[in-house]
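Structure at a glance
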Amino acid sequence: DVKVTQSSRYLVKRTGEKVFLECVQDMDHENMFWYRQDPGLGLRLIYFSYDVKMKEKGDIPEGYSVSREKKERFSLILESASTNQTSMYLCASSQQERTEAFFGQGTRLTVV
Amino acid sequence: AQRVTQPEKLLSVFKGAPVELKCNYSYSGSPELFWYVQYSRQRLQLLLRHISRESIKGFTADLNKGETSFHLKKPFAQEEDSAMYYCALNRRHDFNKFYFGSGTKLNVKP
C-alpha cells in the first residue's frame, strides 16, 4: 500500500516563526510536490522536486523554500510565517514514468 | 496562468439524477488529464484518468481535445458520491508537474 506521510495533522504557529512541514514517502518516487489547498482556489503548486537536491518553483513560491536531502523526504519551510499562510498543505509524490500522484493526509497550519 | 478551469464551485443534485462536473484545460502539448476526489476527512485520491478510459464507481470522463474539456459524468448520482472533485492536468513535458482546478463540491441530496 502506497504511503505518503506528513508529520503533523494540525499545527499552530506565531507570526514570524520559521516553520518546517515534513513529508515522507515510502514508494521510492522521484517526484515530490507541495501544494496549498484553499476554498475556492483549489490546489496551488508551491514547489516541486524531481530528484534529490533538485527543486523547481511552482505557481506560488513566495515566502516558502524547500529541502530534499534524501529521496524519500521533502520539507517545506516557511521562512517567516505570516497569517496569509494559514492554509491546508498537501504533499504528494509520483514516479517519473507512472504519472499518478499520491497524496498525504494534509497539514492544517494556522498562523496567529 | 489558468491551466485547469472548473466553473462550478458547488453542484447540488438529487439522488438518482445525472451529474456532470465540468473541466476545461489549456495546454499546448499532449495533455494527460485526471479526476481526483476528496471525501470528507479523507486524503485526496485518484478517481480516474483519461488514458485508462475506464469507469470508476460509475463515473466516466472523455477527453475532448477539440473543446479542450474533460468533463466527469455519472448517470445516476448516489449520496456517497458527495465529495470535493478536482480536475488535474499533468504536463508531461514540464517534469510531469500536476496542476489542479479550483474544485467542485458535489452534494447529492436524498
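A short tour of the structure in this document, coming up. Nothing here was measured: the structure is a model prediction, and the numbers come from that model.

Our focus in this paragraph is the sheet that holds strand E7 (residues 60–61) of chain B. Across the sheet, which stays open at both edges, the three strands sit in the order E3-E8-E7 (chain B) with antiparallel pairing between neighbours. If you trace the sheet from one side to the other, it starts and ends with strand E3 (19–21) and E7 of chain B, each paired once.

On the side of chain B, 22 residues touch chain A, which itself brings 27 residues to the contact. Ranking the residues of chain A by area buried against chain B places Leu43, Thr99 and Phe103 of chain A at the top, with a combined share of 27%. Where chain A touches chain B, the interface holds three salt bridges. We note a salt bridge from Glu56 of chain A to Lys97 of chain B, for which the minimum N-O separation is 3.2 Å.

In this structure, Arg91 of chain B sits in strand E9 (residues 83–91). When near neighbours in sequence (up to four residues on either side) are disregarded, Arg91 of chain B contacts Arg3, Tyr27, Asn96, Lys97 and Tyr99 of chain B.

This paragraph deals with the packing of aromatic side chains. One pass over the structure, following the stated rule, counts 13 aromatic pairs over all chains. Through a chain of ring-to-ring contacts, the aromatic side chains of Phe33, Tyr35, Phe48, Tyr50 and Phe103 of chain A together with Phe34, Tyr36, Phe98 and Phe100 of chain B assemble into a single cluster. When the ring centre of Tyr99 of chain B is taken as reference, the NZ or CZ atom of Arg3 of chain B above it lies at 4.0 Å. Between the NZ or CZ atom of Lys109 of chain B and the centre of the ring of Phe14 of chain B, over which it lies, the distance is 4.4 Å.

All names here are of chain A. In space, the four strands of this open sheet follow the order E1-E3-E8-E7, with antiparallel pairing throughout. Across the chains shown, the open sheet's two edge strands, defined by having one partner strand only, are strand E1 (4–6) and strand E7 (64–70). Along the sheet, successive strands turn relative to each other by an average axial angle of 20°, direction set aside.

With that settled, the discussion passes to the state of the cysteines. Overall, the coordinates contain two disulfides over all chains when judged by the stated rule. Disulfide pairing is shown between Cys23 of chain A and Cys91 of chain A; the S-S distance is 1.9 Å. Residues Cys23 of chain A and Cys91 of chain A are joined through a disulfide that is left-handed, its torsion about the S-S bond being -75°. Here the residue Cys23 of chain A occupies a position in strand E3 (residues 19–25), and Cys91 of chain A occupies one in strand E9 (residues 87–94), the gap between them amounting to 68 residues. Since its relative accessible area comes to 0%, Cys23 of chain A is described here as buried. A sulfur-sulfur separation of 2.0 Å characterises the disulfide bridge that pairs Cys23 of chain B with Cys87 of chain B. The sign of the -65° torsion about the S-S bond sets the Cys23 of chain B-Cys87 of chain B disulfide as left-handed. Taken as a pair, Cys23 of chain B in the loop between E3 and strand E4 (24–25) and Cys87 of chain B in strand E9 lie far apart in primary sequence, 64 residues in all. By relative accessible area, Cys23 of chain B is classed as buried at 0%.

Rules behind the numbers
- Residues numbered from 1 in each chain as written.
- Chains lettered and ligands numbered in written order.
- Predicted model: local features only at pLDDT ≥ 70, side-chain atom pairs only at ≥ 80, totals over all residues.
- Heavy atoms only, no water.
- Pairing = 2+ DSSP bridges.
- Helix = DSSP H or I, 4+ residues; strand = E, 2+ residues; numbered from the N terminus.
- Contact = heavy atoms within 4.5 Å.
- Buried area = accessible area lost by both parts, 1.4 Å probe.
- Salt bridge = Lys/Arg side-chain N within 4 Å of Asp/Glu carboxyl O.
- Phe/Tyr/Trp six-rings, centres within 6.5 Å; stacked < 30°, edge-to-face > 60°.
- Lys NZ or Arg CZ within 6 Å of the ring centre and 35° of its normal.
- Axes fitted to C-alpha atoms, helices over the stretch in contact; angles between N-to-C directions.
- Disulfide = S-S within 2.5 Å.
- Buried < 20%, exposed > 50% of the residue type's maximum accessible area, 1.4 Å probe, protein only.

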